[in-house]
Each structure stands twice: as C-alpha cells, then as structure tokens.
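# An overview of the molecular structure
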Amino acid sequence: MLTQTTTRVLDPADLDAALAVLGREPVNNAFVTSRVHVAGLDPWRLGGEMWGWYADGRLRSLCYAGANLVPICAGPEAVRAFSERARRSGRRCSSIVGPAESTARLWQLLEPHWGPAREIRRHQPLMVTDRPPENITPDPYVRRIRKDEMDVIMPACVAMFTEEVGVSPLAGDGGLIYQARVAELVGAGRSFARLDPATGQVVFKAEIGAATPEACQIQGVWVAPEHRGQGLSVTGMAAVVRYALTDFAPVVSLYVNDFNTAARAAYRHVGFTEVGSFMSVLF
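Residues numbered from 1 in each chain as written. Predicted model: local features only at pLDDT ≥ 70, side-chain atom pairs only at ≥ 80, totals over all residues. Heavy atoms only, no water.

So, on to the pairing of strand β4 (residues 68-72). With five of five residues buried, β4 is to be regarded as a mostly interior element. Burial along β4 is two-sided: Asn 68, Val 70 and Ile 72 facing one way and Leu 69 and Pro 71 facing the other are all buried. The sheet contact formed by strand β3 (residues 58-65) and β4 spans four bridges and is antiparallel. Bridged to Tyr 64 within β4 is Val 70. In this structure, β4 lies alongside strand β5 (residues 95-99), joined through two bridges in parallel fashion. Opposite Asn 68, over in β5, you have Ser 95 as the bridge partner. At this point the chain moves from β4, through helix α4 (residues 76-89), to the parallel β5, and the crossover so formed is right-handed. (Buried < 20%, exposed > 50% of the residue type's maximum accessible area, 1.4 Å probe, protein only. Helix = DSSP H or I, 4+ residues; strand = E, 2+ residues; numbered from the N terminus. Pairing = 2+ DSSP bridges. Right-handed = clockwise from strand over helix to strand, strands pointing away.)

On to the environment of Ala 262. Within the secondary structure, Ala 262 is located in helix α9 (residues 261-270). A sequence separation of 33 residues divides Ala 262 from Gly 229, and the C-alpha atoms of the two residues are 9.4 Å apart.

Our next topic: the nonpolar core. Ranked by size, the top nonpolar core spans 28 residues in total, and within it Ile 218, Met 237, Leu 254, Tyr 267 and Phe 272 carry the most contacts. Of all the secondary-structure elements, those providing two or more residues to this core are β9 (202-211), β10 (216-223), α8 (232-247), β11 (252-255) and α9. A total of eight residues in this core trace back to one element, the largest contributor, which is α8. Non-local contacts of Tyr 267, meaning those with residues more than four positions away in its chain, are made with Met 127, Val 221, Met 237, Leu 254, Val 256 and Phe 272. One finds Leu 62, Tyr 64, Cys 73 and Phe 278 within the second-largest nonpolar core, a separate group that totals 23 residues. (Core = buried A, V, L, I, M, F, W, Y, C linked by side-chain atoms within 4.5 Å. Contact = heavy atoms within 4.5 Å.)

This structure, assessed with the given rule, holds seven aromatic pairs. Positioned above the aromatic ring of Phe 283, the side-chain terminus of Arg 91 is 4.3 Å from the ring centre. Here Arg 242 stacks its cationic end above the ring of Tyr 243, 5.8 Å away from the centre of that ring. (Phe/Tyr/Trp six-rings, centres within 6.5 Å; stacked < 30°, edge-to-face > 60°. Lys NZ or Arg CZ within 6 Å of the ring centre and 35° of its normal.)

What follows is about the sheet that holds strand β7 (residues 143-144). The strand order across the open sheet formed by 12 strands is β1-β2-β3-β4-β5-β12-β6-β11-β10-β9-β8-β7, and the pairing between neighbours is mixed. A single partner strand is all that each edge strand has here, and the edge strands are β1 (5-9) and β7. Bridge analysis of strand β6 (residues 119-129) against β11 gives four bridges, and the strand direction is antiparallel. Among the inter-strand pairings, Thr 129 is bridged to a residue of β11, identified as Val 252. α4 rests against β1, β2 (49-55), β3 and β4 of the sheet, and its axis sits at about 140° to β2. Running over the sheet, helix α5 (residues 100-114) touches β4, β5, β6 and β12 (273-282) and is turned about 155° from β5. (Axes fitted to C-alpha atoms, helices over the stretch in contact; angles between N-to-C directions.)

In structure tokens form, the structure reads like this:
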C-alpha cells in the first residue's frame, strides 16, 4: 500500500500537533520551539511560515521558513517535499540551518536553483550540558544586561555577528530587525555580559537565544579581541551556564563551528559534550 503524503502551511489550529513534532527532539529544535511557544503558528507573529509534511494524515515533519530555512524531524521524503515548496516559493531566507543530515540533503536539492552559497559550514558540533561546571569559578562580574544598556551591548553584538557571519547585521534595513532581536533578548533577561569597569565596554558576552521548558540554547558568545587569551570565555560561559540551568531549562545547548578549536576547547572545559552536528548554508 502506498503512503499518502501532503505538504501544507500550518495555521494556529495545528499548534498542538506541531509542538508534538518539535518535542521529539527538544535539543535540536530548541530555537524553533522557543519561537512557537511565544508566537504560535501565525506567520506574522512567528516571522515566517511553518510547513508541515503529512504521511497518511498524520503530521510527521516540519520546516520553518523565515529568515532561516530549518528542516525539523525531516527524513528524505519530507526533505524532498520541503525542497519543492522552497524552490517554487523562491529564496527568501538568509540561511539554511539545522541538523546536518537533513540540512545537507535539503541543500543538495536546492543548490541547482539557489546556488551558489556564500559559505557552507557542513559540520558544526552540537554540544550540551545538564550540570554546573566543576572546578571552575564562574565569573562573578558576568550579569544580565539591563534594558537601559542597549547602547552598551549593541556594538558588541554587531561586532560578534560581523565576525561570525561575515556580513554586518546593519546592512539592508540599517539594523532595525537585528536591533529588535537584541532588544527582545535583553527584555527577556537572556542577554549576559561582563563590562570593563574602566571603560564601560563589553569584555565578554553571550545570550540565551532560545529557551523552552526542556532545553535552552546559548548563542552569540564573544570576547573583545583585546581581552582574548585570558580565559574569560571559560569563566564567562560558566556563569552563563549557571544562569541558564537555574532560570531557564534543565539542559543547555549550543553549536559551534568545527574550525573554532579554541571555542570548542573552552566549551569542553565548562562541561559541554558533543552529541550531534548542525550544518549552515549562508547566502
């Protein structure tokens, strides 16, 4: 008997079914799950569409189509269906990102139509921890950034993004969308930094970019260039992990570029272990 499959844009009535799919892989799906918990499935609030792939009438896989294209719990058939919808819609995302296997398969199908990419990062280790760091004293000067400190944190966020992605987040709309995202994290108490007492400038920073009841995800880890090599990433991350486990979720995750050996070593020192791999295609 042939399996009957279909793909469609989900709507708010599909929320429970979508959350059930997202819940199958809570660490992998933390970013999208976090957005769905806040915004539901309304495209305007979510910042993009949620595509659903059905097999025999049951929702099996998802694909978030917004600023990023993110395959979720997607096997080969679902990936093929999502690639066809993405091809017909045309590229509106700035990246494709997700678990390495499904993302690589999705890009293989889209590359003839969307290529070439500006950069492909095929192996980005996914790392997790569920306990406070041992034998490391968290940096006592790492704290939450206040809403009235946007002018302090914003230059560091721009520097981090430009260094990490290779383009400035201020391009295009002048940084309005990026500034709104930074403000959202600050307002939610998920932006952390150590400030230089002499200059007031950011020495170390990181954000909890996504948070669900099951897992949270750290992003945007950055040390000011003139302060690198002093171990601030280790003690700073120890502080952020402590905040994350205490205030947000029982599991803390992040993904990192495989070529960033210094960062991977720092995260291992803090207690993170590699449990999988992500992949990013940047346009």
